[in-house]
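The chain contents come next:
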Amino acid sequence: MRRSAAPSQLQGNPFKKPKFIPPARSNPSPNEEVTKLNSDVKLSEVAANKNTFLQSQSDPRICNLPTEESSRGINHEDNYREKYCLEASAKTTSDPHHTVHLAPKEITVSKGQEEEPDSLVKYFSVVWCKPSKKKHKKWEGDAVLIVKGKSFTLKDLEGKDIGRGIGYKFKELEKIEEGQTMTIGGKEIEVMGIISPDDFNSGRCFQLGGGSSAALHSSQAVKKCFSNPFKSVCKLNSKENRQKSFQNCKPRHDPYAPNSLVMPRPDNNHQWMFSKNCFPVVDVVIDPHLVFHLRPHQKEGIIFLYECVMGMRVNGRCGAILADEMGLGKTLQCISLIWTLQCQGPYGGKPVIKKTLIVSPGSLVNNWRKEFQKWLGIERIKIFTVDQDHKVEEFTKCPFYSVLIISYEMLLRSLDQIKNIKFDLLICDEGHRLKNSTIKTATALISLACEKRIILTGTPVQNDLQEFFALIDFVNPGILGSLPSYRKIYEEPIIKSRQPSASEEEKELGERRAAELTCLTGLFVLRRTQEVINKYLPPKIENVVFCRPGALQMELYRKLLNSQAVRFCLQGLLENSSHLICIGALKKLCNHPCLLFSSVKEKESSSTWDENEERNLYEGLINVFPADYNPLMFTEEESGKLQVLSKLLAVIHELCPDEKVVLVSNYTQTLNILQEVCKRHGYAYTRLDGQTQISQRQQIVDGFNSKYSSDFIFLLSSKAGGVGLNLIGGSHLILYDIDWNPATDIQAMSRVWRDGQKHPVHIYRLLTTGTIEEKIYQRQISKQGLSGAVVDLTKTCDHIQFSVEELKNLFTLHESSHCVTHDLLDCECTGENHTGDSLEKFPVFRNCQLGTHQQKSDSLKPVSMSQLKQWKHFSGDHLNLTDPFLERIRENVSFFFQNITNQTTAI
Ligand SMILES: Nc1ncnc2c1ncn2[C@@H]1O[C@H](COP(=O)(O)OP(=O)(O)OP(=O)(O)O)[C@@H](O)[C@H]1O
Ligand SMILES: [Mg+2]
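Residues numbered from 1 in each chain as written. Chains lettered and ligands numbered in written order. Predicted model: local features only at pLDDT ≥ 70, side-chain atom pairs only at ≥ 80, totals over all residues. Heavy atoms only, no water.

Novice: Can you explain the overall build of the protein? Please cite residues and give values.
Specialist: Of regular secondary structure, the protein possesses 38 helices and 21 strands. Within the protein, the proportion of its 907 residues that are buried is 58%. Put simply, 75% of the contacts in the protein that link residues at least 6 apart link residues at least 24 apart. About 38,700 Å² of surface is accessible on the protein, with carbon and sulfur atoms providing 51% of the total. (Helix = DSSP H or I, 4+ residues; strand = E, 2+ residues; numbered from the N terminus. Buried < 20%, exposed > 50% of the residue type's maximum accessible area, 1.4 Å probe, protein only. Contact = heavy atoms within 4.5 Å. Areas by Shrake-Rupley, 256 points an atom, 1.4 Å probe, with all protein chains shown as cover.)

Novice: Tell me about the site of ligand 1, and name the residues and values.
Specialist: Taken together, 19 residues are adjacent to ligand 1, and G327, T331, E371, K374 and R754 come closest. T331 is positioned such that a nitrogen or oxygen atom in its side chain is 2.5 Å from an oxygen atom of ligand 1. Here an oxygen atom of ligand 1 and a side-chain polar atom of R754 are 2.6 Å apart. Computed on the free molecule, ligand 1 has an accessible area of 640 Å², of which 94% lies beneath the protein chains in the complex. Within the residue set of the shell around ligand 1, elements represented by two or more residues are α13 (330-343) and α14 (365-376). (Near = heavy atom within 4 Å. Polar contact = N/O pair within 3.5 Å; in protein donor to acceptor, adjacent residues only side chain to side chain.)

Novice: Please give an account of the packing of α14 against helix α30 (residues 694-705) that cites residues and values.
Specialist: Closest axis-to-axis distance for the α14/α30 pair is 8 Å, and the angle between their directions is 50 degrees. Accordingly, the angle class assigned to the pair α14 and α30 is oblique. Of the residues in α30, those in contact with N366, N367 and K370 of α14 are I694, S695, Q698 and D702. Considered class by class, the residues forming the contact of α14 with α30 number one nonpolar, four polar and two charged. (Axes fitted to C-alpha atoms, helices over the stretch in contact; angles between N-to-C directions. Parallel < 35°, antiparallel > 145°, perpendicular 65-115°, else oblique. Nonpolar A, V, L, I, M, F, W, Y, C, P; charged D, E, K, R; others polar.)

Novice: Give a description of the packing of aromatic side chains that names residues and reports values.
Specialist: One pass over the structure, following the stated rule, counts 18 aromatic pairs. Ring plane angle 10 degrees and centroid distance 4.3 Å describe the contact between Y123 and F200, whose orientation is recorded as stacked. Taken as a pair, Y123 in strand β1 (residues 121-129) and F200 in helix α7 (residues 197-202) lie far apart in primary sequence, 77 residues in all. With 4.9 Å between their ring centres and 55 degrees between their planes, F597 and Y629 make a pair best called tilted. Within this pair, whereas F597 is found in helix α26 (residues 593-605), its partner Y629 is found in the loop between α27 (612-618) and α28 (640-655), the two being separated by 32 residues in sequence. Considered together, F597 and Y629 belong to a single accessibility category, that of buried residues. Here the aromatic cluster, defined as three or more aromatic residues joined through ring pairs, consists of F384, F395, F400, Y401 and F423. (Phe/Tyr/Trp six-rings, centres within 6.5 Å; stacked < 30°, edge-to-face > 60°.)

Novice: Quick one: what's the story with the sheet that holds strand β5 (residues 181-184), residue by residue and with numbers?
Specialist: Spatially, six strands are ordered β4-β3-β2-β1-β6-β5 in an open sheet, and the strand pairing comes out antiparallel. The sheet terminates laterally at β4 (161-165) and β5, the two strands that pair on one side only. Averaged over all pairs of adjacent strands, the angle between their axes in this sheet comes to 35 degrees, without regard to strand direction. Relative to strand β6 (residues 187-195), β5 runs antiparallel, the two sharing four bridges. Across the sheet, I184 pairs through a bridge with K187, a residue of β6. (Pairing = 2+ DSSP bridges.)

Novice: So, the sheet that holds strand β7 (residues 319-322): which residues are in play, and what are the values?
Specialist: The seven strands are arranged β9-β10-β8-β11-β12-β7-β13 in an open sheet whose pairing can be described as parallel. Where the open sheet ends on each side, the last strands, each with one partner, are β9 (383-385) and β13 (525-526). Note that β7 and strand β12 (residues 452-456) share four bridges and pair parallel. Bridge pairing in β12 places G319 opposite R453.

Novice: Can you lay out the environment of L645 for me, pointing to particular residues and giving the numbers?
Specialist: Mapped onto the elements, L645 comes out in helix α28. Apart from the residues within four sequence positions on either side, L645 is in contact with L663, L674, I734, Y736 and L766.

These results come straight from atomic positions and should not be treated as a statement about function.
Structure (structure tokens):
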């Protein structure tokens, strides 16, 4: 029977016959085929090397200048890539079943023939069409046929079921072989080949619809390689001309100098594809001026980024995600990359890029400028930052600017102009916001033509597989296929395998798909944890301080809990969001009663006072305050936390007059109170919150960090300014209130304990004993909080669903406990200075949808209950530590937890 070719037939799906054999390549031997599927990662190298080996024999365009490299041993750090790739593919390579089965005889069944028919599973690649009597079939598509015992499933290459059948005769299904045509489930099919269980389990057999690594490394590489072989044929005709031109091609910096950092050379395949005009390969060497400052992980990061954007890691793909934890110097790594590519390139030393676009949150635009200046000075590179007074047009008009830095908001406003500029490199800082591809910013950035794209994010990217897809698809569009096919092939099986009810088969499939996805994306996603710089950082002393509430606070708290609104909440009688109003009131009260007073007064005079819930909540509350209560004249004694804070500031000021404090709250109103405290005590302060002009933010940060600044306190709204800021001028950080999302707090805490910090860092988290603040903290550190994915700043309290049980717990005041959190730890101590083991012995794990093999210690994760138990802890009455700061506040504190990281680091 003759047939029209199905799509795969034309594109060279290796699971079908006739196989696509690239030009200049001999028919692969069976052994070669085995290698091909043994390791996806190695595959690109094997395939590429083989191809180019064959080509380079006769191809005049590959012009390697003879180098002394091998004899003198330049540190190209090639083995870094190898190590990295091997790690990514470890799972795959260790699998012994990695073979393509070419003939029906080689059908692999999961168990022996004598097994129960139901347990036999076979996989076939097929083409299908609607049944017809026509001689010349018009096949409608490729599919994968899964035969299991007496039933079968037909899936298209996007992983969607397109046919199913049960109750077939086992013998009939057992006999299926290559070349056979049959009608099955209302479709006519022709069997094109047999798929090994491993190729099915890894998802590789869906390659045309998906984009598995096998597809990438074989067909795409091949397509790229052979698409237009004559496009960049050497134009230099005379031998002398060539020689002359080569002589000028020298590395910009000496690759043999001690400590030089030399980028890996492109392989033959890369040269064949990208070397224009037959230029010789020249070493790309990072500016020694930068190398001098680089940490080891940053050197590796630069090589990684270089290889990614040069298309050396995944053929024809130039995107990367650098997801290093906060404070690891992602900015410096990018600056090094930009500076290098702007001045150098592997082909004749010609620069790879001319213009770079950096998009960042508004508050970081000037930080980028500062970092450029810090590392490169003002002469080497001309950067342009867009703000109200400096428009994109100016950048366009002045050719000497090579880097444009713009906020996400401004980018949207200037998109038309930006689109008209040819950028060669696009960097999206805090790029986690692109996780939703439908938002305007993401669509705008996707629309830019630039191929070399880098996302920087401190947040782990694999926690949500859909968001993961969006980020991956942004940097390397199409690499995972379409969203629907990705969901079918990867997301659904992976999620299913994580369900408690998952069968062994589902678990295995999910794990294999996750491994495949990791292997594929691991080539261009890099994440290192804070551990890599710990040794450069001073000690960090972290304290959780449980502050006794003041008398007025207690009375008001009881009153609120007895209100009709709270009671209705607990009976489930109120609207969905009414519990949030109650929670909000309790949190305000914990910060200071005057905040609650102001809210009640404000509501009373507003037109919405009639709204039941609030009236029910605030009823009679004003009577608890003294008759002449004036919120502007608040006292410190009225709030337990404020009292502790005030004493803490005093002792820091007294004992460490050169050190500064970052004081963080989530609320502007609370910051107002803290600001007032600063004024009353005569502390010089500066402030950054949501209202601070973007253009002023860096100035404020710089002022505070400067050793000449007289500011003692930096008042920071964590929501407004948490991300990306460097506040190393401060060495004490006080979190005045707690957020539901641990990420907000962790972000804030990371502002001071980072590279460049000279003093030991003291972190104080203040919680009001027995109140909702403890409950929120418990939620942060409990399993529930830890698994909710969590380290994501966009998640707010509104996302949390509370059961009535949980609400009951939230709305309970524990008046007699020193520390409810400690009570919950099942700790046998009585608060008498229990010295737990160091936290460092207990690596922190985070949940990741890709599975266990991805789990790494991650300091972005809040501590867990069991880790907290290992911290030193003691009640206020039993404090006998020699910590002079805690000593001074013990009177108002019912309990402490303390943990010291890097105790022995010499600064
Ligand atoms: N090699 C280095 N030596 C000294 N300081 C460094 C080095 N690398 C980075 N830094 C400094 O460390 C601080 C943190 O760097 P950076 O802001 O780039 O971190 P980041 O990885 O972007 O973190 P975040 O995710 O919080 O934005 C900056 O002040 C930077 O100048
Ligand atoms: Mg940053």
